[in-house]
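# Structural description and commentary
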Amino acid sequence: MGAIVDEISCLLETHANRDKVVSLASYVLKLWGATGKSPPLLTASARIAGTRATLRLFDDAAAVRALVRYGLGQKEGLLWGTMGVANGLFTLSYLQGEKLVWLLDTGVLKLSPELAERIRIAHKLFWSLSAFVGLVRSLRALHLTALMLKSPGSPKCAPARLTHASLTSTKLLLDVIHAVSWLPRGWLWGEALTATQASAVATASAVFGLVMHYHGKRLLPR
């Protein structure tokens, strides 16, 4: 029992890991509420989602640090380096859109309905672009890891790395499906998913996020 409590405590100590748990709780409640047509469960999900959105107001520093550490991506070449920089910029833009949407939702910022709607669409668009570029880069990483596994003298951790890369690509694919579904109708599959379908995709992505967390521990030096 003590080991379980310790594990849960360690999981919830950091903001990034706690966000994974909160995300899963929010989407499970939304899926449950959508399938059971339960307004209270949907309200509970919306409250938790609002908490996540509020906490993301303070994620800029981490996003900027990641972008600065990545630099201009010279080590990955022109194409992949540019995509890496773009991924960081899309993430930062998404976070700024999140702030504007939060201000609109709280009533602090008052704009015309047309401008407010454009901001909401831009917010979802940057989310979609960040997820898509992340997916493309993860597929490249998956390919390189598969080549490493086939090469002579591959490290013992190569199979675990391949599994982790596969989990990452699958999660990002689910994120792309979910993010684009929030775009307006006519933008790819925007608004094509039902609430239940979108919630199921998001819940699966959240599960993969936790699985990746625990699988990633196997790759840490002991």
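One can find the structure itself at the top, above this paragraph.
Residues numbered from 1 in each chain as written. Predicted model: local features only at pLDDT ≥ 70, side-chain atom pairs only at ≥ 80, totals over all residues. Heavy atoms only, no water.

## Concerning helix α2 (residues 15-36)
- If you check α2, its first and last C-alpha atoms are 31 Å apart, about what 22 residues at 1.5 Å a residue would give, namely 32 Å.
- Taken together, the buried positions of α2 are N17, S23, L24, S26, Y27, L29, G33 and A34.
- Summarising the contacts, the buried residues of α2 are in contact with α1 (2-13), α3 (39-55), α7 (158-180) and α8 (195-216).
- Trailing α2 by a residue or two, K37 shows a phi angle of about 50 degrees, which is positive. (Helix = DSSP H or I, 4+ residues; strand = E, 2+ residues; numbered from the N terminus. Expected span 1.5 Å × (residues − 1). Buried < 20%, exposed > 50% of the residue type's maximum accessible area, 1.4 Å probe, protein only. Contact = heavy atoms within 4.5 Å.)

## Some thoughts on a nonpolar patch on the surface
- Taken together, the side chains of I4, I8 and L12 make up a nonpolar region of the molecular surface, amounting to roughly 250 Å² of accessible area.
- By secondary structure assignment, the location of I4 is in helix α1. (Patch = residues over 30% accessible without salt bridge, like charges linked within 9 Å, V, L, I, M, F, W, Y side chains within 5 Å. Areas by Shrake-Rupley, 256 points an atom, 1.4 Å probe, with all protein chains shown as cover. Salt bridge = Lys/Arg side-chain N within 4 Å of Asp/Glu carboxyl O.)

## Notes on the pattern of salt bridges
- In the structure shown here, the tally under the stated rule is eight salt bridges.
- Residues D19 and R52 are paired through a salt bridge, measuring 2.9 Å at the closest nitrogen-oxygen approach. Note that D19 is positioned in helix α2 and R52 in helix α3, a separation of 33 residues in sequence.
- With a shortest N-O distance of 3.1 Å, R140 and E76 are connected by a salt bridge. Placement of R140 in helix α6 (residues 113-150) and of E76 in the loop between α4 (60-70) and α5 (77-106) is noted, with a sequence separation of 64 residues between them.
- With relative accessibility at 24%, the residue R140 sits in the partly exposed group.
- Here the salt bridges share partners, and the residues they tie into one network are E76, R137 and R140.

## Considerations on the packing of aromatic side chains
- According to the stated counting rule, one finds two aromatic pairs in the structure shown.
- Ring centres of Y94 and W127 lie 6.3 Å apart, and the angle between their planes is 35 degrees; on these two criteria the pair is classed as tilted. One end of the pair, Y94, is in helix α5; the other, W127, is in helix α6, with 33 residues separating them in the sequence. (Phe/Tyr/Trp six-rings, centres within 6.5 Å; stacked < 30°, edge-to-face > 60°.)

## Things to note about the packing of α2 against α8
- Remark: α2 packs on α8, axes separated minimally by 8 Å, with the N-to-C direction vectors making an angle of 155 degrees. Judged by the inter-axis angle, α2 sits roughly antiparallel to α8. The handedness of the crossing between α2 and α8 comes out as left-handed. Mapping the contact onto sequence places N17, K20, V21, S23, L24, Y27, V28, K30, L31, A34 and T35 in α2 and A195, T196, S199, A200, A202, T203, A206, V207, G209, L210 and H213 in α8.
- Residues of the contact of α2 with α8, tallied by class, amount to 12 nonpolar, eight polar and two charged. (Axes fitted to C-alpha atoms, helices over the stretch in contact; angles between N-to-C directions. Parallel < 35°, antiparallel > 145°, perpendicular 65-115°, else oblique. Left-handed = near helix turned anticlockwise from the far one by under 90°. Nonpolar A, V, L, I, M, F, W, Y, C, P; charged D, E, K, R; others polar.)

## A short note on the packing of α4 against α5
- The interhelical angle for the contact between α4 and α5, taken along N-to-C directions, is 165 degrees, at an axis separation of 10 Å. By the angle between their axes, α4 is roughly antiparallel relative to α5. Between α4 and α5 lies a crossing of left-handed hand. Where α4 approaches α5, its residues D60, A63, V64, L67 and Y70 are matched on the opposing element by W80, G81, G84, V85, G88, L89, L92, L95, Q96 and K99.
- Looking at the contact of α4 with α5 residue by residue, the classes come out as nine nonpolar, four polar and two charged.

## Observations regarding the side chain of N17
- Residue placement: N17 occurs in helix α2.
- Judged by relative accessible area, which is 13%, N17 ranks as buried.
- Contacts of N17, omitting those with residues within four sequence positions, involve L11 and H213.

## So, the environment of A116
- With respect to the element layout, A116 can be found in helix α6.
- Along the backbone, A116 and N87 are 29 residues apart, and their C-alpha atoms lie at a distance of 25 Å.
- Residues contacting A116, with those up to four places away along its chain left out, are L104 and L111.

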